[in-house]
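# Report on the structure
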Amino acid sequence: MRRLLAILSAAAMVTTLVPVTAGAVPPTRQTIELTNTIVGFAADCGINMQWDISLTVERTRFFDQDGNLVRIQDQVRENNTITNLDTGETLQEGPDSFQQRILFNADGSVTVMAIGLSVLVNDGDAIVIDAGRLVLLFGPGAPEVVALDGRHDLREIDPLTTSDPILLNGFCAAFTG
């Protein structure tokens, strides 16, 4: 019993000597479900197309000890279709899965990094892929593409957009391949 009291006493002494530091604010988590439709004319192959996008994002927000948002981590899953509006042919696009990290830098700029498979149409010989790593830097100044590694049939067209109909040109191979 005397030994147990000595151990508890020593433990109490150590905890009073070690300063308690405030920890970071705990991360928050949420699930986001989004749908979007991009319709346009793919000039590269002369086809009117519609890209129906359905995605789920598992988002985690990370904060510093003052409660400032410092990072967002997204796990994105998509299951989409791409339709040739001239013929009515519809192809499966996906399922896709990638991680996206958004860092809020000390200088006020924001770094966005996406890694994984963001587009996949596999219809026999007609394959369209957007996979690999993309790193973008926003501010100060104009947005900048820091890295574009892998095969990016759509992102190579314009890595700074996810909604411009110009991206539909990347699907030409799916309908003409």
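Up top you'll find the structure we're talking about.
Residues numbered from 1 in each chain as written. Predicted model: local features only at pLDDT ≥ 70, side-chain atom pairs only at ≥ 80, totals over all residues. Heavy atoms only, no water.

What follows covers the layout of surface pockets. Of the pockets and cavities examined, the largest pocket occupies roughly 580 Å³. Lining of the largest pocket is provided by 29 residues; of these, E78, F98, Q100, R155 and T162 occupy positions nearest its centre. Those elements that place two or more of their residues in the lining of the largest pocket are β1 (28–42), β2 (47–63), β3 (69–84), β4 (90–104), β5 (110–123) and β6 (126–138). In terms of residue count, β2 provides more of the lining of the largest pocket than any other element does, 5 residues in total. Of the residues that constitute the lining of the largest pocket, the class distribution is 17 nonpolar, 7 polar and 5 charged. (1 Å grid on protein atoms, 1.4 Å probe; cavity = no way out; pocket = protein on both sides within 12 Å on 5 of 7 lines; lining within 4 Å. Points joined across faces, edges and corners; volume = space filled by probe spheres on them. Helix = DSSP H or I, 4+ residues; strand = E, 2+ residues; numbered from the N terminus. Nonpolar A, V, L, I, M, F, W, Y, C, P; charged D, E, K, R; others polar.)

Together, F138, V145 and L160 line one region of the surface with nonpolar side chains, adding up to about 220 Å² of accessible area. Among the structural elements, L160 can be located in the loop between β7 (144–152) and α2 (172–176). The partly exposed category is assigned to L160, whose relative accessible area is 41%. (Patch = residues over 30% accessible without salt bridge, like charges linked within 9 Å, V, L, I, M, F, W, Y side chains within 5 Å. Areas by Shrake-Rupley, 256 points an atom, 1.4 Å probe, with all protein chains shown as cover. Salt bridge = Lys/Arg side-chain N within 4 Å of Asp/Glu carboxyl O. Buried < 20%, exposed > 50% of the residue type's maximum accessible area, 1.4 Å probe, protein only.)

In this model, G94 is joined to P95 through a cis peptide bond whose omega is 10°. Across the junction of G139 and P140, the peptide omega takes the value -15°, indicating a cis bond.

A general tendency of soluble globular proteins is for nonpolar side chains to be buried together. Within the largest apolar cluster, 24 residues are counted, with the highest numbers of intra-cluster contacts made by M49, W51, I82, L168 and F171. Counting only elements with at least two residues in this core, the list comes to β1, β2, β3, β4, β5 and α2. Here this core takes 6 residues from β2, the largest share from any one element. Judged by nonpolar contacts, the second largest core, of 5 residues, contains I72, I102, V112 and L136. (Core = buried A, V, L, I, M, F, W, Y, C linked by side-chain atoms within 4.5 Å.)

With that settled, the discussion passes to the pattern of salt bridges. Per the counting criterion, the structure on display carries 3 salt bridges. Measuring nitrogen to oxygen at the nearest pair gives 2.7 Å for the salt bridge that ties R59 to D74. Taken as a pair, R59 in strand β2 and D74 in strand β3 lie far apart in primary sequence, 15 residues in all. Each member of the pair, R59 as well as D74, carries the same accessibility label: buried. Notably, a salt bridge pairs D149 with R133, separated by 2.7 Å at the nearest N-O pair. Taken together, the residues span a long stretch of sequence, with D149 in strand β7 and R133 in strand β6 at a distance of 16 residues. Here D149 falls in the partly exposed class, since its relative accessible area comes to 35%. The class of R133 is partly exposed, set by a relative accessible area of 34%.

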